[in-house]
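# Architecture and fold: a report
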Amino acid sequence: MLKYLKGGADRSVIMNNPFVKSHWDLIEKMGRSPEEIDLFDDSTWGNDNFSALYDAIWNEIAIHASHQQSCENDVQLAALVSKTNVGEVRRTLRAIILSTIIRPFYQWAKEYLNDKEGKKLYHIKGSDRGKLLIMYLD
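Structure report, in brief. (Residues numbered from 1 in each chain as written. Predicted model: local features only at pLDDT ≥ 70, side-chain atom pairs only at ≥ 80, totals over all residues. Heavy atoms only, no water.)

## Things to note about helix 3 (residues 18-32)
- Its 15 residues give helix 3 an end-to-end C-alpha distance of 21 Å, which sits within 8% of 21 Å, the value for a rise of 1.5 Å per residue.
- Its axis deflected by about 70° at Trp24, helix 3 carries its strongest bend there.
- Those residues of helix 3 not exposed but buried are Phe19, Val20, His23 and Leu26.
- Next to the buried residues of helix 3 lie helix 2 (11-15) and helix 4 (51-61). (Helix = DSSP H or I, 4+ residues; strand = E, 2+ residues; numbered from the N terminus. Expected span 1.5 Å × (residues − 1). Bend = angle between axes of the 7 residues up to and from the residue. Buried < 20%, exposed > 50% of the residue type's maximum accessible area, 1.4 Å probe, protein only. Contact = heavy atoms within 4.5 Å.)

What follows is the structure in structure tokens.
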């Protein structure tokens, strides 16, 4: 962080970051502590409680998959978008689209059709896919 701050970063931009603003009191408390604080070891926290900052880092900065299947899907996704011989930016955008739109759409579509037809579907096929995608995006 210090290397970044000394490297010409605009301090006002950093201080106006929503994450920094909402957790500044704990960040400052850590910085001013005479003892080293390890967020992953609450025995180093002394009389302070850094659990809100700890949770925020895990939930907002270091977002991670909640189970192995999500990790495997992401590995498959990385392989899928990188084997098409496109640049890094396009691969990243494809991954974001698949992760934030297409996967949730399939979950929603399966639930929608399961409720509508009363049977458990595993795949969305044919013209249903296009119609439901338009409904989902609307």
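## Notes on the nonpolar core
- Phe19, Leu26, Ile37, Leu39, Trp45, Phe50, Leu53 and Ala56 together form the largest nonpolar core, which totals eight residues.
- Elements with a minimum of two residues in this core: helix 3 and helix 4.
- With residues near it in sequence (within four places) discarded, Trp45 still touches Ile37, Asp38, Leu39, Phe50 and Ser51.
- Judged by nonpolar contacts, the second largest core, of six residues, contains Phe105, Ala109, Leu121 and Ile124. (Core = buried A, V, L, I, M, F, W, Y, C linked by side-chain atoms within 4.5 Å.)

## Considerations on the packing of aromatic side chains
- This model, assessed by the stated rule, comprises nine aromatic pairs.
- Measuring from centroid to centroid gives 6.4 Å for Tyr54 and Trp58, while their planes differ by 70°, and the two rings are edge-to-face. Of this pair, Tyr54 and Trp58 both sit in helix 4, four residues apart, which is roughly one turn of that helix.
- Judged by relative accessible area, which is 28%, Tyr54 ranks as partly exposed.
- For Trp58, a relative accessible area of 29% translates into the label partly exposed. (Phe/Tyr/Trp six-rings, centres within 6.5 Å; stacked < 30°, edge-to-face > 60°.)

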